[in-house]
Amino acid sequence: AFALHGRVPVAERRDAKLRAKAALLAPYFCPRVMSGRTVLDVGGNGGFFGLLALAEGAAGVTSIDVDPDYVELSARAAREAGVPAEGPGSFRSRLANLPEWTEPADVTLAFAMVHWLYNCTTGWGSLDEVVAQLAARTRSLLLIEWVAPADPAIEFFRHTDRSPETIR
């Protein structure tokens, strides 16, 4: 959960995990890294990191997700921040799965996505393949958040063992 201060997203005090993640990533979300670069946000994070990238000078952000509710959530956050949906400095929110997305970006964000991409939404079944596919859509910087297989969410949803025939 985050609030907008103008065009800048700020993690709400009660969302300790988002605040911690934003603090950890602060060295990358700065004008030196983001200025003039395009960003592909795989999974979208509800728009938080895409809007943060724009606030730090990104040339544009495309957020992709397989969940239509999250696509709309990200688009709504951008609208509420006054960010255009097209053109320079835009935030595009698209319903798409990574295998379908071929448009590269300078910076690719894949936060808490590896387990989905590994087996649930792509059938790649290989961490090497996930990283290769993300890298193929990245011109400069790829940021990946690893989620351990023993994480309670992964165990509950069985993200990494849903399709055992695809695991390599």
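Everything numeric here is computed off the predicted structure, so don't read it as measured data. (Residues numbered from 1 in each chain as written. Predicted model: local features only at pLDDT ≥ 70, side-chain atom pairs only at ≥ 80, totals over all residues. Heavy atoms only, no water.)

What to know about the overall build of the protein chain
From N to C terminus, the protein chain includes seven helices and seven strands. Each helix (α) and strand (β) of the protein chain, taken in turn from the N terminus, gives the series β-β-α-α-β-α-β-α-β-β-α-α-β-α. Residue burial in the protein chain is summarised as follows: out of 168 residues, 46% are buried. Residue pairs in contact within the protein chain that sit at least 24 positions apart in sequence constitute 64% of those at least 6 positions apart. Element-wise, carbon and sulfur atoms account for 55% of the exposed surface of the protein chain, whose accessible area totals about 8600 Å². (Helix = DSSP H or I, 4+ residues; strand = E, 2+ residues; numbered from the N terminus. Buried < 20%, exposed > 50% of the residue type's maximum accessible area, 1.4 Å probe, protein only. Contact = heavy atoms within 4.5 Å. Areas by Shrake-Rupley, 256 points an atom, 1.4 Å probe, with all protein chains shown as cover.)

Some points on the pairing of strand S2 (residues 8–11)
Burial along S2 is one-sided: the face carrying Pro9 and Ala11 is buried and the face carrying Val8 and Val10 is not. The pairing of strand S1 (residues 2–5) with S2 spans four bridges and is antiparallel. Paired with Ala3 across the bridge in S2 is Val10. Hairpin remark: S1 followed by S2, antiparallel, with two residues in the connecting loop; positive phi at Gly6, about 70°. (Pairing = 2+ DSSP bridges.)

Examining the pattern of salt bridges
Enumeration over the complete set of coordinates arrives at seven salt bridges. Note that Glu72 and Arg79 form a salt bridge whose closest N and O atoms lie 2.6 Å from each other. According to the relative accessible area criterion, Glu72 is partly exposed, its value standing at 37%. For Glu80, the salt bridge identified is with Arg76, shortest N-O distance 3.7 Å. Residue Glu80 and its partner Arg76 are both found in helix H4 (residues 68–80); the two are separated by four residues, about one turn of the helix. (Salt bridge = Lys/Arg side-chain N within 4 Å of Asp/Glu carboxyl O.)

Some points on the sheet that holds strand S3 (residues 38–42)
In space, the five strands of this open sheet follow the order S5-S4-S3-S6-S7, with parallel pairing throughout. The sheet terminates laterally at strand S5 (90–95) and strand S7 (138–144), the two strands that pair on one side only. Strand-to-strand twist of the sheet, defined as the mean angle between neighbouring strand axes without regard to direction, takes the value 15°. Bridging between strand S4 (residues 60–65) and S5 involves six bridges; their strand directions are parallel. What sits directly across from Val61, in S5, is Phe91. (Axes fitted to C-alpha atoms, helices over the stretch in contact; angles between N-to-C directions.)

As for unusual backbone geometry
Its identity as a non-glycine residue notwithstanding, Asn45 has a phi of 50°, on the positive side. If you trace the backbone, Asn45 turns up in the loop between S3 and helix H3 (48–55).

Digging into a nonpolar patch on the surface
Among the surface-exposed residues, Leu127, Val131, Ile144 and Trp146 lie close enough to one another that they form a single nonpolar patch of about 340 Å² accessible area. Here Leu127 shows up in helix H6 (residues 127–136). (Patch = residues over 30% accessible without salt bridge, like charges linked within 9 Å, V, L, I, M, F, W, Y side chains within 5 Å.)

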